[in-house]
Amino acid sequence: MFEFCADPKSLEGFQWFACYLTSGKHMNMYWAFGTVLLLLAVTAPIAMLFGFFGAMAARSPFFALRLIGKGYTGMVRGVPDIVFFLFFVIALDQGIEYIMHLIRCPDWTEPVRNGLEFRVCPQAKVPLGNSAQWIHQFYGFMLAVLTFALVFGAFAANVLYGAMQAVPRAQLETAEAYGLSHAQVFRRVLVPQMWVYALPGLSNLWLILIKATPLLFLLGVQDIVYWARELGGAKTQAFDYPHPDWRLYYFLFLLVFYLGFTRVSEIVLNRISARLSKGQATAAGEAMRKAGI
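Draft legend 1. Quick peek at the overall build of the chain. Helices and strands together make up the secondary structure of the chain, namely ten helices and two strands. Listing each helix as α and each strand as β along the chain from the N terminus yields α-α-α-α-β-β-α-α-α-α-α-α. For the chain, with 293 residues in total, the buried portion stands at 37%.

This is how it looks when you write it as structure tokens:
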């Protein structure tokens, strides 16, 4: 029996539920909510950074940079997310360990690859086998952040590239006519103007990123979907729970959570869009001028 309190059989009604919902496993689920929110808070700006530099590379007058920018967006957008998540994390993890293997074990004579097996010296393991549990969790979380950022950065790069192309050319030419350099035109005219065109696409990406967080289980991170399935079941490989199959109620709670989070995001994004559209020569800006806003 999974232990919730000292004597769970003596508890009834509200006391039983209070004891049940404050058990150690439920605390792990509550921490998983924080993990998801932290992932979104960290991943979004990093993905924007990848996207911004990807869009700049795609617009570069240099062929090599254009090839890198368009290759990055085309490759990531053309591969299913689940395949990229599985491949990239394994490749990155093995790449890091291989570099550490070359540095720390130069005298190693056994082959690193033996058929399908990948074996490095114990000193090259990342993290080390005797590292604390929180280090393993932090390493897995950072791999998740980097993977999410790369995937959604490619989509953001495509959105930002289109937004840069949508800025009226006449504004850029006017700035150049006043003597601004290309760098100044980019920094003072193009970038401030592009956000109003990019925001609708970036808003959709943000909502898709929220919905993609359950993919964390592919990266070895115990997210809220994992714990909902674990705690809602009547029996797992490790525990017998003192209730029938409650997965429906757990997943219904997650449904409410994601819908509520999405609604709050929509409200915030709509306000940002209205703020950026004010005074702009766009359909939204014209509507605001006609309304006297």
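Alright, that's what it looks like, and here's the rest.
Draft legend 2. Geometry of a nonpolar patch on the surface. A cluster of nonpolar side chains, L21, M27, Y30 and W31, forms an exposed patch at the surface whose accessible area comes to about 450 Å². Position of M27 relative to the elements: it lies in helix 2 (residues 24–58). With relative accessibility at 37%, the residue M27 sits in the partly exposed group.

Draft legend 3. Structural view of the side chain of T262. You can see T262 is positioned in helix 9 (residues 247–277). Of the polar contacts made by the side chain of T262, one reaches the backbone oxygen of Y258; its length is 2.7 Å.

Draft legend 4. Quick look at the packing of aromatic side chains. Under the definition given, this model contains ten aromatic pairs. Ring geometry for F33 and F257: centres 4.9 Å apart, planes at 85°, overall edge-to-face. Pair noted here: F33 is in helix 2 and F257 is in helix 9, with a separation of 224 residues, a long-range link. Taken together, the ring pairs connect F33, W206, F253, F257, Y258 and F261 into an aromatic cluster.

Draft legend 5. Representation of the nonpolar core within the structure. Membership of the largest hydrophobic core comes to 60 residues, with the highest contact counts inside it found for M29, F148, F152, M194 and I224. At the level of elements, helix 2, helix 3 (63–78), helix 4 (81–104), helix 5 (133–166), helix 6 (169–177), helix 7 (182–212), helix 8 (224–232) and helix 9 are the ones that each hand at least two residues to this core. Take this core: its biggest share by element is 15 residues, from helix 5. Non-local contacts of F152, meaning those with residues more than four positions away in its chain, are made with A47, L205, I208, L209 and A212. Ranked by size, the runner-up nonpolar core spans six residues in total, among them C105, V112, V120 and C121.

Draft legend 6. Up close: the pattern of salt bridges. Scanning the model with the defined rule gives four salt bridges in all. Across the pair K125 and E97 runs a salt bridge whose closest N-O atoms are separated by 4.0 Å. Of this pair, K125 sits in the loop between strand 2 (117–118) and helix 5 while E97 sits in helix 4, and the two are 28 residues apart along the sequence. Under the relative-accessibility criterion, E97 is labelled buried at 6%. In this structure, the salt-bridge partner of R169 is E173, at a minimum N-O distance of 3.5 Å. Here the residue R169 and the residue E173 both occupy positions in helix 6, the gap between them amounting to four residues, near one helical turn. Within the structure, one salt-bridge network assembled from shared partners comprises R169, E173 and E176.

Draft legend 7. Just the packing of helix 2 against helix 5, in detail. At a minimum axis separation of 5 Å, helix 2 and helix 5 run at an interaxial angle of 45°. For the element pair helix 2 / helix 5, the angle class is oblique. Helix 5 is crossed by helix 2, and the crossing has right-handed handedness. The residue inventory of the contact of helix 2 with helix 5, partitioned by class, reads 24 nonpolar, five polar and no charged.

Draft legend 8. The packing of helix 4 against helix 5, seen in detail. At a minimum axis separation of 10 Å, helix 4 and helix 5 run at an interaxial angle of 130°. Considering the angle they form, helix 4 stands oblique to helix 5. Both helix 4 and helix 5 take part in a crossing whose hand is right-handed. Mapping the contact onto sequence places D81, F84, F85, F88, V89, L92, D93 and I96 in helix 4 and Y139, L143, L146, T147, F148, L150, V151 and F155 in helix 5. Taken together, the residues of the contact of helix 4 with helix 5 break down into 13 nonpolar, one polar and two charged.

Draft legend 9. How the structure looks around the environment of F251. With respect to the helices and strands, F251 occurs in helix 9. Taking relative accessible area as the criterion, F251 reaches 32% and is therefore assigned partly exposed. Contact partners of F251, with chain neighbours within four places excluded, come to V225, A228 and R229.

Procedures and definitions
- Residues numbered from 1 in each chain as written.
- Predicted model: local features only at pLDDT ≥ 70, side-chain atom pairs only at ≥ 80, totals over all residues.
- Heavy atoms only, no water.
- Helix = DSSP H or I, 4+ residues; strand = E, 2+ residues; numbered from the N terminus.
- Buried < 20%, exposed > 50% of the residue type's maximum accessible area, 1.4 Å probe, protein only.
- Patch = residues over 30% accessible without salt bridge, like charges linked within 9 Å, V, L, I, M, F, W, Y side chains within 5 Å.
- Areas by Shrake-Rupley, 256 points an atom, 1.4 Å probe, with all protein chains shown as cover.
- Salt bridge = Lys/Arg side-chain N within 4 Å of Asp/Glu carboxyl O.
- Polar contact = N/O pair within 3.5 Å; in protein donor to acceptor, adjacent residues only side chain to side chain.
- Phe/Tyr/Trp six-rings, centres within 6.5 Å; stacked < 30°, edge-to-face > 60°.
- Core = buried A, V, L, I, M, F, W, Y, C linked by side-chain atoms within 4.5 Å.
- Contact = heavy atoms within 4.5 Å.
- Axes fitted to C-alpha atoms, helices over the stretch in contact; angles between N-to-C directions.
- Parallel < 35°, antiparallel > 145°, perpendicular 65-115°, else oblique.
- Left-handed = near helix turned anticlockwise from the far one by under 90°.
- Nonpolar A, V, L, I, M, F, W, Y, C, P; charged D, E, K, R; others polar.

Any functional reading would require information that these geometric values do not contain.
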